[in-house]
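Working through the structure, step by step
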Amino acid sequence: GNSVTQMEGPVTLSEEAFLTINCTYTATGYPSLFWYVQYPGEGLQLLLKATKADDKGSNKGFEATYRKETTSFHLEKGSVQVSDSAVYFCALSEAPYQAGTALIFGKGTTLSVSS
Amino acid sequence: DVKVTQSSRYLVKRTGEKVFLECVQDMDHENMFWYRQDPGLGLRLIYFSYDVKMKEKGDIPEGYSVSREKKERFSLILESASTNQTSMYLCASSPPTGSGQYFGPGTRLTVT
């Protein structure tokens, strides 16, 4: 079945460091791919998405490129801030999309940024 | 902006009690979902609904039921709460286009 695998955390960085969180997936067809972020004590927020191969999603300085050849969707940011400390989830939505299709989530990667 | 609200942020219940968790969305989304989130296990789908009065089991429906009488409201019911249902419960909604889900703030339920 479909699945998402994320690198295990926690990831600990200093402010202004470069961030990469790896995400790979297994899916039939052409899923849509997402990154969500969860700040302490809050629900998940959609950070960025890509719906087809070679698409690049971007938001708030974060980027991820949908790589079908490597079945990957790695999250990157050039210079992290303390406020980026959160848990990051990679997810996929099966395609073709049908009514009620749920997301399949990775287990999350905790990022901690220190000043 | 899409807004998904959940009735409580924190809830403490006793074993055997009937528990209702309410979720309301204001974007006229067809799809609504209930997940539970546990450390080391990530998010697991309990139930989802793609239309009023329609429901489908997710990965872990045992011990739960749901109700969707109106499009904007999706309720999760624990018929007889047990300690292993202590968890963070997250509600989400989405349009029928596969463009991603929008989450509420979560309800942290403790069953003692």
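Note that the coordinates shown come from a computational prediction; the quantities given were computed from them, not determined experimentally.

**Examining the pattern of salt bridges**
All names here are of chain B. With the rule as written, the count across this model stands at 10 salt bridges over all chains. Between Arg36 and Asp38 there is a salt bridge, with the nearest N and O atoms lying 2.8 Å from each other. Residue class for Arg36 comes out buried when judged on its relative accessible area of 8%. Relative accessible area serves as the criterion here: at 11%, Asp38 is assigned to the buried category. By sharing partners, the salt bridges in this structure join Asp28, Glu30 and Lys71 into a single network.

**Points about the environment of Ser85(A)**
All names here are of chain A. Tracing the backbone through its elements, the reader meets Ser85 in the loop between strand 9 (75-77) and strand 10 (86-93). Each C-alpha atom, one on Ser85 and one on Thr12, is 9.1 Å from the other, the two residues being 73 residues apart in sequence. Non-local contacts of Ser85, meaning those with residues more than four positions away in its chain, are made with Tyr39, Pro40, Leu111, Ser112 and Val113. Of note is the side chain of Ser85, whose polar atom sits 2.9 Å from the backbone nitrogen of Val113.

**Some words on the sheet that holds strand 7 (residues 64-70) of chain B**
All names here are of chain B. Pairing is antiparallel across the open sheet formed by four strands, whose spatial order is 1-3-8-7. A single partner strand is all that each edge strand has here, and the edge strands are strand 1 (4-6) and strand 7. Taken over all neighbouring pairs, the strand axes of this sheet differ in orientation by 20° on average, direction set aside. For strand 7 and strand 8 (residues 73-78), the ladder comprises five bridges, and the chain directions are antiparallel. The partner of Val66 across the bridge, within strand 8, is Leu76.

**A few points about the environment of Glu15(A)**
All names here are of chain A. Tracing the backbone through its elements, the reader meets Glu15 in the loop between strand 2 (11-14) and strand 3 (19-21). With a relative accessible area of 34%, Glu15 lands in the partly exposed category. Through-space distance from the C-alpha of Glu15 to that of Ser115 is 5.2 Å; in sequence the pair is 100 residues apart. Contacts of Glu15, omitting those with residues within four sequence positions, involve Val80, Gln81, Val82, Val113, Ser114 and Ser115.

**Observations regarding the side chain of Gln38(A)**
Counting through the fold element by element, Gln38(A) comes out in strand 5 (residues 32-38). Each residue touching Gln38(A), except ones within four places of it in the same chain, is listed here: Gly43(A), Leu44(A), Ala86(A), Val87(A), Phe89(A), Gln37(B) and Leu90(B).

Cut-offs used in this document
- Residues numbered from 1 in each chain as written.
- Chains lettered and ligands numbered in written order.
- Predicted model: local features only at pLDDT ≥ 70, side-chain atom pairs only at ≥ 80, totals over all residues.
- Heavy atoms only, no water.
- Salt bridge = Lys/Arg side-chain N within 4 Å of Asp/Glu carboxyl O.
- Buried < 20%, exposed > 50% of the residue type's maximum accessible area, 1.4 Å probe, protein only.
- Helix = DSSP H or I, 4+ residues; strand = E, 2+ residues; numbered from the N terminus.
- Contact = heavy atoms within 4.5 Å.
- Polar contact = N/O pair within 3.5 Å; in protein donor to acceptor, adjacent residues only side chain to side chain.
- Pairing = 2+ DSSP bridges.
- Axes fitted to C-alpha atoms, helices over the stretch in contact; angles between N-to-C directions.

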